[in-house]
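Single-letter residue listing:
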Amino acid sequence: MTIYHLSMECYPVAKVGGLADVVGALPKYQNKIKGVDAKVVMPWYNKSFFYEHEFEVVFDGWIHQSFNMYQVQVMKEKNNSLGFELYLVRIPGLLDRDNVYGYWDESQQYLAFQHGVLHWLSAMQIRPDILHCHDYHTGLVPFMIENCPEFNFLKGVKTIGTIHNGEYQGQMKWEMSNYFPHFDGWKWGLLDWNGYINPLASMIKCCHAFTAVSGGYLQELFQNFKGLESLVQQENQKAFGIINGIDTEVWNPKTDEMLSFNFNLKNAVAGKLKNKKVLCETYSINPDLPLFGFIGRFATEKGADLLPELVQRGIQQMHGAFNIIILGSGNSHLEEELQNLNYTFTNFALDLGYKEYLSHQIYASADFLLMPSRVEPCGLNQMYAMRYGTIPLVRYIGGLKDTVEDISTGGSGINFGDATVDAIIHNIDRALHIYSQKDLMKNLIENNMKKDFSWELSAQKYVDLYKN
């Protein structure tokens, strides 16, 4: 069985968020299953990975978009160093840039990527068993292979769509249809939602099956899906919830080269403390206090807008009884607010941007991880945290419901219901009581490290879905 994963991101080639971690791990674990050959196709970016690895051009062709012609080059990484075949699609003028997102013409970029991939597969007579489309950026592929004559060779290929975050749907005006490969015009309804082209809606309509990245999130989509509730209810017979996993070879405190000190289950308490002392020294905060961490984009859906008030009120109300470290970026106003607080409070450390090594160090050092998310389709941070013996303090929503059970019901995490500063502070107070009980903390650390969030089970669930 041959599977092509189509995605904008893949770790370690290009990463913005959790999508990259999923696409960088899922095919690797699928390839450990007998009879499965999973590959990844993504855009070419001007990133160090390309220059540090050997690539060969396996296809060179042209596509039309409106009145323009664009060259399409497909490059294959020679040594399969990631555990799967990796293909990069380069389209000079569109897919040849430094960053993954944020360009004014990104709708045209995504259309060109999908067109280029299908043109390559058709021209080279490559017919996969499955095309697995990740998020709306590749959501038009199921429509294109069934309704664009240029891709008749691929007609009937089974398509799976995965919704990593339904907040983003790629909606565009109908004028953008001029950039599509020619399609049967009377099928326009498969693209339309409320008078716009909606790639995510089209994916749900046209794919053979679609998944959400947790069962909890799938249930939420039936009630709250940015206007697509009725569509997902109508198509519920082909909807599945499959929780993401984490790459336990990359995320392993015993072997992680990004840590100051490695540790395992037997010496977890001591190992975490050693890492904590190094991290606290780096940021000039007191290592004797409990450490809370936040890692993520400064987006409203992540609850990041609550952070400035949380830092100020939390530290004041608790009389400086804990430290907090924040790693993230993405909102200049929030960044400025947090920088000002960083000058004011000695219990607060801030690092703006995204640093992979620092995220590993925070997971290994922190006592608690904060996730006050308003929307969390799956969440990987809580799994990374538990893998490194850190107790997640999370809002009870989406994939967090599926992975973190509160200590009051026999779990080893902390749940709260409302995305408010009051709710977070109340549960920080709970966490401080837990922290004061050394034996309880030791048990929670060890219980979290014993949890199995590896990709093996989820990879098999996807393969079973492909077979069906």
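Here we summarise the structure given alongside this text. Everything numeric in this text was worked out from a predicted model, so none of it was measured. (Residues numbered from 1 in each chain as written. Predicted model: local features only at pLDDT ≥ 70, side-chain atom pairs only at ≥ 80, totals over all residues. Heavy atoms only, no water.)

**Digging into the sheet that holds strand S16 (residues 391-395)**
To be explicit about the condition: Here, strands pair whenever DSSP counts at least two bridges between them. Helix and strand assignments follow DSSP, with helices taken as H or I runs no shorter than four residues and strands as E runs no shorter than two, numbered in order from the N terminus. Where helices are involved, their axes are fitted lines through C-alpha atoms of the stretch in contact, as for all axes, and angles between N-to-C directions lie from 0 to 180°. Note on contacts: a residue pair qualifies if any of its non-hydrogen atoms lie within 4.5 Å across the two residues.
Overall, parallel pairing links the six strands, which are arranged S14-S13-S12-S15-S16-S17 in an open sheet. Pairing within the sheet leaves two strands with one partner each, and these edge strands are strand S14 (348-352) and strand S17 (414-416). Adjacent strand axes in the sheet meet at a mean angle of 15 degrees, parallel and antiparallel pairs treated alike. Sheet analysis places S16 next to S17, joined by three bridges and oriented parallel. By the bridge assignment for S17, Val-394 is matched with Asn-415. Against the sheet, helix H14 (residues 421-435) engages strand S12 (291-297), strand S15 (368-371), S16 and S17, with an angle of about 160 degrees to S17.

**Concerning the sheet that holds strand S1 (residues 2-6)**
Within a sheet, each strand pairs with its neighbour through backbone hydrogen bonds, oriented either parallel or antiparallel. Ordered in space as S3-S4-S5-S2-S1-S6-S7-S10-S11, the nine strands form an open sheet in which the pairing is mixed. Because the sheet does not close on itself, it has two edges, and the strands there are strand S3 (55-65) and strand S11 (239-241). Averaged over all adjacent pairs, the angle separating strand axes in this sheet is 25 degrees, with direction ignored. In this sheet, strand S5 (residues 85-90) lies alongside strand S2 (residues 37-43) in parallel orientation, the contact comprising five bridges. Residue pairing in the sheet places Pro-43 in a bridge with Val-89 of S5.

**Some points on the packing of aromatic side chains**
Condition: The pairing test for Phe, Tyr and Trp rings, Trp by its six-membered ring, is centres within 6.5 Å, and the orientation test on the planes gives stacked under 30 degrees, edge-to-face over 60, and tilted for anything in between. For each residue, the accessible area found with a 1.4 Å probe, counting protein chains only, is set against the maximum for its type, and the residue is called buried under 20%, exposed over 50%, and partly exposed in between. Charge-over-ring contacts are defined here by two conditions on Lys NZ or Arg CZ: a distance within 6 Å of the ring centre and an angle within 35 degrees of the ring normal.
All told, the structure shown has 18 aromatic pairs when counted by the stated rule. Ring geometry for Phe-50 against Tyr-51: centres 5.2 Å apart, planes inclined by 80 degrees, an arrangement best described as edge-to-face. For Tyr-51, a relative accessible area of 54% puts it in the exposed group. Centre to centre, the rings of Phe-292 and Phe-368 are 4.8 Å apart; their planes meet at 15 degrees, and the pair counts as stacked. Of this pair, Phe-292 sits in strand S12 while Phe-368 sits in strand S15; the two residues are 76 residues apart in sequence, bridging distant segments of the chain. A cation over a ring is seen here: Arg-90 above Trp-44, with NZ or CZ 5.1 Å from the ring centre. Above the plane of the ring of Tyr-396 lies Lys-401, whose end atom (NZ or CZ) is 5.9 Å from the centre.

**Observations regarding the nonpolar core**
The line we're drawing: Only buried Ala, Val, Leu, Ile, Met, Phe, Trp, Tyr and Cys residues count toward a nonpolar core, and they belong to the same one when joined by side-chain atoms within 4.5 Å.
Counting 89 residues, the largest nonpolar core has Phe-292, Val-311, Ile-324, Ile-326, Leu-338, Phe-348 and Ile-428 as the members making the most contacts within it. Examining the composition of this core, we find that eight residues originate from one element, H14, more than from any other. Residues within four places of Phe-348 in sequence aside, it is in contact with Ile-285, Val-311, Ile-315, Ile-324, Ile-326, Leu-338, Leu-341 and Asn-342. Listed in part, the 78 residues of the second largest apolar core include Tyr-45, Val-74, Cys-148 and Val-375.

**Remarks on the side chain of His-134**
Spelled out, the test is: Polar contacts here mean pairs of N or O atoms no more than 3.5 Å apart (in protein, one a potential hydrogen donor and the other a potential acceptor; neighbouring residues in sequence count only if both atoms are side-chain atoms).
Residue placement: His-134 occurs in strand S6 (residues 130-134). Looking at His-134, the relative accessible area reads 2%, which means it is buried. Here the side chain of His-134 touches His-164 through a polar contact of 2.9 Å, side chain to side chain. The contact partners of His-134, leaving out residues within four places of it in the chain, are His-5, Leu-6, Ser-7, Leu-19, Val-23, Thr-162 and His-164.

**Quick notes on the packing of helix H9 (residues 307-317) against helix H10 (residues 332-344)**
Our working definition: Orientation categories follow fixed angle ranges, with anything under 35 degrees roughly parallel, anything over 145 roughly antiparallel, 65 to 115 roughly perpendicular, and all other angles oblique. Crossings are classed by handedness, with left-handed meaning an anticlockwise turn of the near helix from the far one by less than a right angle and right-handed meaning a clockwise turn. Basically, the charged four are Asp, Glu, Lys and Arg, the nonpolar ten are Ala, Val, Leu, Ile, Met, Phe, Trp, Tyr, Cys and Pro, and anything else, Gly included, counts as polar.
Between H9 and H10, whose axes approach to 9 Å, the crossing angle comes to 15 degrees. Between H9 and H10, the angle falls in the class roughly parallel. With respect to the hand of their crossing, H9 and H10 are arranged in left-handed fashion. Judged by residue contacts, Leu-307, Pro-308, Val-311 and Gln-312 of H9 engage Leu-334, Glu-337, Leu-338 and Leu-341 from H10. Residue composition of the contact of H9 with H10, grouped by class: six nonpolar, one polar and one charged.

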